[in-house]
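Chain by chain, the residues run as shown.
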Amino acid sequence: LAFSDCLAHQNIFLFFLLLLAFLIWNRIQTLSIPNDLSLRNKHQAVKYIAQKANDKSFKVDMITYPGLNTGYKYLFWLEGKNPSFDNTAKTEKSFKMVIPASIAKKSELDATFGAIGVVELP
């Protein structure tokens, strides 16, 4: 509203001053909040599961909210692994990825990568 008021009254100096303050504040906010679902954290979680699975067949069950389970199939493909994402599949190993990890108790998680929790099932 302040921007539009400045433009309506043709106060360009105040407009640019408010714009500069907004840009500085926005930059500080984006740099101070960590991205706990970053590609780096996703890749670390996938590498952890791939190492734990060794060369055995395995499945990954995703416990997450809609839209937060993206990119994992591609990352497993990059690792040369092809897990099943069907939780009824018969495999030698089984893992659960909990995203965000805060929806599970910390004691239940075997590993945490940012906001990604991993549980290795027996």
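First, a word on scope: everything that follows refers to the structure included in this document. By convention here, each chain's residues receive numbers from 1 onward along its written sequence. Reporting of local features is limited, given that this is a predicted model, to residues whose pLDDT is at least 70; pairs of side-chain atoms are given and counted only at 80 or more, and all residues count toward the totals for whole chains, interfaces and linings. With hydrogens and water excluded, all non-hydrogen atoms of the structure serve as input to the side-chain values.

1. So, the sheet that holds strand E2 (residues 93-99)
Reading across the sheet, the 4 strands line up as E1-E2-E4-E3 and stay open at both edges, with mixed pairing between neighbours. Edge positions in the sheet fall to strand E1 (58-64) and strand E3 (111-113), since each of these pairs with one other strand and no more. Adjacent strand axes in the sheet meet at a mean angle of 25° when their direction is disregarded. Across 3 bridges, the pairing between E3 and strand E4 (residues 116-121) is antiparallel. Bridging from a neighbouring strand, Thr112 pairs with Gly117 of E4. For two strands to pair, DSSP has to find at least two bridges joining them. Segments assigned H or I by DSSP are reported as helices when at least four residues long, segments assigned E as strands when at least two residues long, and all are numbered from the N terminus. Each axis is a line fitted through C-alpha atoms, taken for helices only over the stretch in contact, and angles between the N-to-C directions span 0 to 180 degrees.

2. Details of the pattern of salt bridges
Salt bridge, as used here, is a side-chain nitrogen of Lys or Arg placed within 4 Å of a carboxyl oxygen of Asp or Glu. If you walk through the whole model with that rule in mind, you get 3 salt bridges. Its salt-bridge partner being Lys93, residue Glu120 comes within 2.7 Å of it at the nearest N-O pair. Pair noted here: Glu120 is in strand E4 and Lys93 is in strand E2, with a separation of 27 residues, a long-range link.

3. A look at the pairing of E1
Any residue under 20% of the maximum accessible area for its type is buried, any over 50% is exposed, and the rest in between are partly exposed; the area is computed with a 1.4 Å probe on protein chains only. Across the 7 residues that make up E1, a large majority, 5, are buried. Crossover handedness is defined here as right-handed if the route from the first strand over the helix to the second strand goes clockwise, with the strands pointing away from the viewer. Handedness of the E1-helix H4 (residues 72-78)-E2 crossover: left-handed.

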